[in-house]
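Architecture and fold: a report
Each chain, written out:
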Amino acid sequence: MVSELDLEEIPEPFQAFAAIHLDRENRWHELTRMLGTLGPKVPAKEAAKMALLLRERAPRHPFVQDITGTFIRDRFPSWYIDAVNDTWRNAAYRAALKHLADPDKVILEIGTGTGLFAMMAIQAGFRHVYTFESNEHVAKIAAECIRRNGFEDRITLQNITFNDEADITLPERPDVMMHEVSGENLIIPDLFGLIEAARDKGLPEDAPILPHKFAVHAQLSGDPELHARSHVPSGTEGLDLTAINLLAMPRVHLDRGTELKKPMSAPIVAASHDVSISLKLTDETKVIEVDTTEAGIAYGLVHWICQSFPGGAVYENTPGRWCNWYPYYWPFKDPKSVAVGDTVKVEVTTFQGKAYFQDV
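Residues numbered from 1 in each chain as written. Predicted model: local features only at pLDDT ≥ 70, side-chain atom pairs only at ≥ 80, totals over all residues. Heavy atoms only, no water.

**Things to note about the pattern of salt bridges**
Counted according to the given criterion, the structure contains 13 salt bridges. A salt bridge links R147 to E144, with the nearest nitrogen and oxygen atoms 2.6 Å apart. Of this pair, R147 and E144 both sit in helix α8 (residues 136–148), three residues apart, roughly one helical turn. Taking relative accessible area as the criterion, E144 reaches 27% and is therefore assigned partly exposed. Among the salt bridges present, the one from E205 reaches R199, with a minimum N-O distance of 3.4 Å. (Salt bridge = Lys/Arg side-chain N within 4 Å of Asp/Glu carboxyl O. Helix = DSSP H or I, 4+ residues; strand = E, 2+ residues; numbered from the N terminus. Buried < 20%, exposed > 50% of the residue type's maximum accessible area, 1.4 Å probe, protein only.)

If you want it as structure tokens, here you go:
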């Protein structure tokens with residue numbers, strides 16, 4: 001089904017060109033070509049708005065769907081969809097919400113996305129959710145998802161950036177704070193300011209936060225295939241080509257579902273932070289000792305995240321799982337030959353919410 005399009009709906013940078021083609025039979029083709037030509041030259045926000053408008057009005061037009069993809073991905077990364085499909089993540093939030101659910105309690109959510117967790121909270125038994133989404137296009141999608149599922153009367157969505165400077169007054173005091181301010185490493189420092197802003201707007205100091213504890217787990221790897229993705233070994237084709245390793249990446253993200261073929265240690269907690277205890281980070285460098293459980297060559301280590309929730313639920317993007325976030329491989333500059341029970345020393349640096357690894 002193709003819907004009509006009015007000139008006043010079109011973002012200003014595109015209006016002059018669009019006015020020429022709106023009434024033509026091949027308007028969808030020409031408007032999409034216009035986006036392809038002008039899109040890289042205008043603000044990304046305006047290009048994405050035009051791309052979404054074309055998709056909404058011509059959802060079955062293959063040329064429209066194809067060309068608009070570039071501009072939508074620039075503004076809306078693929079993880080918007082990947083996150084919803086991350087069943088490990090969803091299960092952790094659902095378990096925590098069930099643990100805390102109370103028909104007299106309300107939740108403050110920051111960053112609703114599709115509204116998934118807000119709706120899960122209502123399903124779990126909370127009375128009301130007050131949720132915020134800064135991106136106007138994502139907020140529009142969330143509102144439609146909430147409407148389709150019949151939760152408009154129990155979920156209040158505001159399209160505004162939630163922070164301590166925002167002119168926001170919550171209708172009632174929230175009992176729980178929920179968020180997904182996270183990434184593929186330890187913690188995003190912006191979360192601290194959001195928690196402080198939430199407390200300024202009525203969230204009790206001891207209110208549960210979902211999730212509240214963040215950690216980076218690591219495990220020694222004996223997989224030569226992983227190391228080959230980052231370094232050239234000595235003796236390749238009988239030659240020393242290792243000078244090219246000057247260009248090597250310090251870490252390599254692993255594809256979703258990639259399994260660690262030869263783990264050489266038990267998983268360890270390399271770094272952690274609990275926002276229910278402290279809203280300050282400490283940057284430090286330390287050396288940890290990892291006990292080997294397999295003999296062979298330790299080429300590096302793999303790290304993944306672990307988020308903890310009230311009630312004991314956890315979310316981990318462990319190697320082998322299909323998750324929204326990717327695990328990472330940190331190659332050793334000097335792979336080490338080890339026997340069972342040997343100790344491998346690894347330097348861990350935490351800086352501005354991220355953990356970095358290298359061999360000692």
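**So, the environment of G320**
Structurally, the position occupied by G320 is in the loop between β11 (314–316) and β12 (328–338). By relative accessible area, which is 34% here, G320 ends up partly exposed. In the structure, G320 is positioned 64 residues away from R256 in sequence and 7.2 Å away in space, judged by C-alpha atoms.

**Digging into the layout of surface pockets**
In this structure, the largest pocket encloses a volume near 700 Å³. Along the wall of the largest pocket there are 27 residues; nearest its centre are W79, I110, G111, E133 and E180. Contributions of two or more residues to the lining of the largest pocket are made by α5 (79–84), β1 (106–110), α7 (116–124) and α9 (190–200). When the residues that make up the lining of the largest pocket are grouped by side-chain class, the tally is 14 nonpolar, eight polar and five charged. (1 Å grid on protein atoms, 1.4 Å probe; cavity = no way out; pocket = protein on both sides within 12 Å on 5 of 7 lines; lining within 4 Å. Points joined across faces, edges and corners; volume = space filled by probe spheres on them. Nonpolar A, V, L, I, M, F, W, Y, C, P; charged D, E, K, R; others polar.)

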